[in-house]
Amino acid sequence: MRRAVALSALTCALALTAAAPTTAPAARTAHPDRPDTAAHPTHHPTTHPAPAPAPASLLDTIPRRGVLRVCTTGDYRPFTHRDPASGAYRGIDISMARDLARSLDAKPKYVPTTWAKLIDDLAAGRCDIAMGGVSITLPRARKAAFSEPVRTDGKTPIVRCADQDKYRTLDEIDRPGVTVIVNPGGTNEQFARSVIKRATIKPHPDNTTVFDEIIAGRADVMMTDASETRYQSKIHPELCAVHPDRPFTFSEKAYAVPRADYPFKAYVDQWVHLAKHDGTYKKYEDAWMAK
């Protein structure tokens, strides 16, 4: 009887053991800094969008377009002058613009601007290059790149020839009763306002007639680039350039191009370098400056 009970108990135990499910392996504890690859069997690497293509350089765009857009004021002889009757442009830098356009299999298109808006128009893409006696300044260089300089210059007085011994120094110019005339928006006005404290500064909006104001006696002095004083004294015998070989300041003239277009700037640099050494620039300059 006892044996029968024991066998019965053993049989029940074996039956329960056979019916029990197989125990699963212990779950893997994931490392806090590493995902569990068992839980995530397929790993997809992070993808990044392809970088945007670099914008086309003007070095390529201008030949395709067939047009070189030139921002110029048209009011600064001998560099840029727009004939009010015909609308045609002439000047040293107008001739240089035609030369640059020809080298790029293009024709120049002149975009009118003012000295106050010149660099902003270039930076906004309204033109490809700014030309016409443009002086390099640090504020301008924050918005545009400049080519290799084409010439050095500096501010010096131009006065009636009868007064050329009266206004040779800044102290002689900056006196009560003296009227200094300026064309607004450019480096002439900036220089005058930085040094004139006692004389009267008279803005004149038209740079093409500003020298007539001195001849007529409505102003006494204008301080502008020595190159301009030489030219204006050539075409106005009543006016004399005062020590143009010893200007008050140092500056350089160059051509402004878009700040980030490095291939185009490199090309313009090389073109300027060649033009200065093969006689091209001198030919255009002599046509205006030679007496």
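Right above here is the structure, for reference.
Notes on the structure follow. (Residues numbered from 1 in each chain as written. Predicted model: local features only at pLDDT ≥ 70, side-chain atom pairs only at ≥ 80, totals over all residues. Heavy atoms only, no water.)

## A few points about the packing of helix α3 (residues 92–103) against helix α11 (residues 280–289)
Put simply, the rule is: Interaxial angle, 0 to 180 degrees, is taken between N-to-C directions of lines fitted to C-alpha atoms, where a helix line uses only the stretch in contact. Helix and strand assignments come from DSSP, with helices taken as H or I runs of at least 4 residues and strands as E runs of at least 2, each series counted from the N terminus. Each angle receives one of four descriptions, namely roughly parallel if under 35 degrees, roughly antiparallel if over 145, roughly perpendicular if within 65 to 115, and oblique otherwise. Throughout, a crossing is termed right-handed when the near helix is turned clockwise from the far one, and left-handed when it is turned anticlockwise from it by less than a right angle. Residues count as neighbours in contact if any of their non-hydrogen atoms are within 4.5 Å of one another. For this classification, the nonpolar set comprises Ala, Val, Leu, Ile, Met, Phe, Trp, Tyr, Cys and Pro, the charged set comprises Asp, Glu, Lys and Arg, and every other residue, Gly included, is treated as polar.
Where α3 meets α11, the closest approach of the two axes is 9 Å, and the angle between their N-to-C directions is 150 degrees. Here α3 lies roughly antiparallel to α11, going by the angle between them. Seen from above, α3 lies across α11 with right-handed handedness. Counting all contacts with α3, which are made through I92, D93, S95, M96, D99 and R102, the residues of α11 involved are T280, Y281, Y284, E285, W288 and M289. Classifying every residue of the contact of α3 with α11 gives six nonpolar, two polar and four charged.

## Considerations on the nonpolar core
Keep this limit in mind: For this analysis, a nonpolar core means a set of buried residues of the types Ala, Val, Leu, Ile, Met, Phe, Trp, Tyr and Cys, connected via side-chain atoms within 4.5 Å. Each residue gets one of three labels from its accessible area relative to the maximum for its type: buried under 20%, exposed over 50%, partly exposed in between, using a 1.4 Å probe on protein chains only.
The biggest cluster of nonpolar side chains holds 45 residues, and the ones touching the most others in it are L68, M96, I129, M131, Y255, F264 and W271. Sorting elements by how many residues they give to this core places α3 first, with six residues. For W271, the residues in contact, after removing those within four places along its chain, are M96, D99, L100, S103, M131 and Y255. Listed in part, the 13 residues of the second largest apolar core include F191, A192, I196 and V242.

## Some words on the packing of aromatic side chains
Our working definition: By convention, a stacked pair of Phe, Tyr or Trp rings (six-membered ring in the case of Trp) has centres within 6.5 Å and planes under 30 degrees apart, an edge-to-face pair has planes over 60 apart, and any other such pair is tilted.
All chains considered together, the criterion is met by six aromatic pairs. Geometrically, the ring pair formed by Y89 and Y110 is tilted, given 5.0 Å between the ring centres and 40 degrees between the ring planes. Taken together, the positions of Y89 in strand β4 (residues 89–90) and Y110 in strand β5 (residues 107–112) put the pair 21 residues apart, joining distant regions of the chain. Of the two residues, Y89 and Y110, neither departs from the other in class, the shared state being buried. Taken together, the aromatic side chains of Y76, F79 and W115 make up a single cluster linked through ring pairs.

## What about helix α10 (residues 262–277)?
For clarity, the cut-off: A helix is expected to span 1.5 Å for every residue after the first. Think of the arc as the fan of directions from the helix axis to the C-beta atoms.
Counted at 1.5 Å a residue, the expected span for α10 with its 16 residues is 22 Å, and the 23 Å between its end C-alpha atoms agrees. Among all positions of α10, only F264, V268, D269, W271, V272 and A275 are buried. Mapping the buried residues of α10 onto a view down its axis gives an arc of 170 degrees, with all of them on the same face. In this structure, α10 carries Y262 and H277 as exposed residues pointing more than 90 degrees from its buried face.

## Description of the sheet that holds strand β3 (residues 80–82)
Which entries qualify depends on this criterion: When DSSP locates at least two bridges between a pair of strands, those strands are taken to pair.
The strand order across the open sheet formed by three strands is β2-β3-β4, and the pairing between neighbours is antiparallel. Lying at the two open borders of the sheet, with one neighbouring strand each, are β2 (75–76) and β4. Two strands pair when backbone bridges link them, and β2 and β3 are joined in this way by two bridges, in the antiparallel orientation. Residue pairing across strands places D75 opposite H81, the latter belonging to β3.

## Details of the pairing of strand β10 (residues 179–182)
Stated precisely, the cut-off is as follows: Whether a crossover is right-handed depends on one test, that the path from the first strand over the helix to the second runs clockwise when the strands point away from the viewer.
Where burial is concerned, the two faces of β10 agree: the one with T179 and I181 and the one with V180 and V182 are both buried. Of the pairings in the sheet, the one linking β10 to strand β11 (residues 200–203) comprises four bridges and is parallel in character. In the sheet register, I181 faces β11, and the bridge partner there is K202. For the segment spanning β10, helix α7 (residues 187–195) and β11, crossover handedness is right-handed.

## Thoughts on α11
Among all positions of α11, only T280, Y281, Y284, E285, W288 and M289 are buried. The buried residues of α11 all sit within an arc of 145 degrees when viewed along its axis, so they share a single face. Exposed and facing more than 90 degrees away from the buried side of α11 are K282, K283 and A287. Buried residues along α11 sit in contact with β4, α3, β8 (151–153), α9 (226–235) and α10.

## Focus: the pattern of salt bridges
Which entries qualify depends on this criterion: Salt bridges, as used here, are contacts in which a Lys or Arg side-chain nitrogen is within 4 Å of a carboxyl oxygen on Asp or Glu.
Applying the stated criterion across every chain, the model contains 18 salt bridges. The residue R65 makes a salt bridge to D128 at a minimum N-O spacing of 2.7 Å. Of the two residues, R65 is situated in helix α2 (residues 58–65) and D128 in the loop between α4 (118–123) and β6 (129–130); the sequence distance between them amounts to 63 residues. A relative accessible area of 32% places R65 in the partly exposed class.

## Describing unusual backbone geometry
Residue P78 is bonded to the preceding R77 through a cis peptide linkage, with omega at 15 degrees. Mapped onto the elements, P78 comes out in the loop between β2 and β3. Unlike most non-glycine residues, D105 shows phi in positive territory, near 55 degrees. With respect to the helices and strands, D105 occurs in the loop between α3 and β5. The residue H243 is not glycine, and still its phi comes out positive at about 30 degrees.

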